Amino acid sequence: DVSYYSYITGFRGSRKLKIGEFTFTRNKASGSKTYWSCARAGMHKCKARVVTVQDHDVTIKCGQHNHPPY
């Protein structure tokens, strides 16, 4: 589990998940789980993924980013 995360508001008012120096955007929600993908997934084709359960149980599904933090 991840202990150093926070929720932030993006430029357009969307909710984002920040883990360390990387930011994730919400991909989809299913029941109590929310699926997040790297905010740079489109630009860099980054495959980093995170799943949260009820906003507090954070599991990294793919922790490898193919780009430096921004």
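Per chain, residues are indexed from 1 in the order of the written sequence. At least 70 in pLDDT is required for a residue's local features to be given in this predicted model, at least 80 for side-chain atom pairs to be given and counted, and no such filter applies to totals for whole chains, interfaces and linings, which use all residues. Excluding hydrogens and water, the side-chain values take into account all heavy atoms of the structure.

In this section: the side chain of Lys16. Helix and strand definitions here come from DSSP, where helices need a minimum of 4 consecutive H or I residues and strands a minimum of 2 consecutive E residues; each element is numbered from the N-terminal end. Looking at the element boundaries, Lys16 is found in strand E2 (residues 15–19). For the buried Lys16, no salt bridge exists, and the shortest N-O distance to an oppositely charged side chain is 16 Å, to Asp55. The contact criterion used is simple: two residues touch if any of their non-hydrogen atoms lie within 4.5 Å. Those residues within four positions of Lys16 in sequence are excluded, and the remaining contacts are Ser6, Tyr7, Ile8, Gly10, Thr23, Phe24, Thr25 and Trp36. Relative accessible area decides the class of each residue, using a 1.4 Å probe on protein chains only: under 20% of the type maximum gives buried, over 50% gives exposed, and in between gives partly exposed. Positive residues here are Lys and Arg, negative ones are Asp and Glu, while His and the chain termini are left out of the count. The salt bridge definition used is simple: a Lys or Arg side-chain nitrogen within 4 Å of an Asp or Glu carboxyl oxygen.

Here we take up the nonpolar core. If you look at the biggest cluster of nonpolar residues, it comprises 11 residues: Val2, Leu17, Ile19, Phe22, Phe24, Trp36, Cys38, Cys46, Ala48, Val50 and Val58. Contributing elements (two or more residues each) for this core: E2, strand E3 (22–30) and strand E4 (33–38). When neighbours within four sequence positions are excluded, Trp36 is seen to be in contact with Tyr7, Arg15, Lys16, Leu17, Phe24, Thr25, Arg26, Asn27, Ala48, Arg49, Val50 and Thr52. Residues belong to a common nonpolar core when they are buried Ala, Val, Leu, Ile, Met, Phe, Trp, Tyr or Cys residues joined through side-chain atoms within 4.5 Å.

All right, on to the packing of aromatic side chains then. To pair, rings of Phe, Tyr and Trp, with the six-membered ring standing in for Trp, must have centres within 6.5 Å; the planes then decide the type, stacked if under 30 degrees apart, edge-to-face if over 60, and tilted in the middle. Scanning the entire structure with this criterion turns up 2 aromatic pairs. For the pair Tyr5 and Tyr7, a centre-to-centre distance of 6.1 Å together with 85 degrees between the ring planes defines the contact as edge-to-face. Look at Tyr5 and you get partly exposed, because its relative accessible area is 24%. Between Tyr7 and Trp36, the aromatic rings sit 5.9 Å apart at their centres with planes inclined by 50 degrees, giving tilted as the arrangement. In this pair, Tyr7 is assigned in strand E1 (residues 5–9) and Trp36 in strand E4, connecting sequence segments 29 residues apart. Residue classification places Trp36 among the buried positions, given a relative accessible area of 2%.

Here we come to the confidence of the model for the protein chain. In the predicted model, the protein chain carries a mean pLDDT of 91, and 97% of its residues have values of at least 70. By definition, pLDDT measures how confident the predictor is in each residue, and it falls between 0 and 100. Ranking the helices and strands of the protein chain by mean pLDDT puts E4 first, with 96, and strand E6 (residues 57–62) last, with 88.

One requirement defines pairing of two strands: DSSP has to find at least two bridges between them. Here E4 runs beside strand E5 (residues 49–53); their pairing, made up of 5 bridges, is antiparallel. When the bridges of E5 are listed, Tyr35 appears paired with Val51. As paired elements, E5 and E6 share 5 bridges and run antiparallel to each other. Paired with Val51 across the two strands is Thr59, which belongs to E6.

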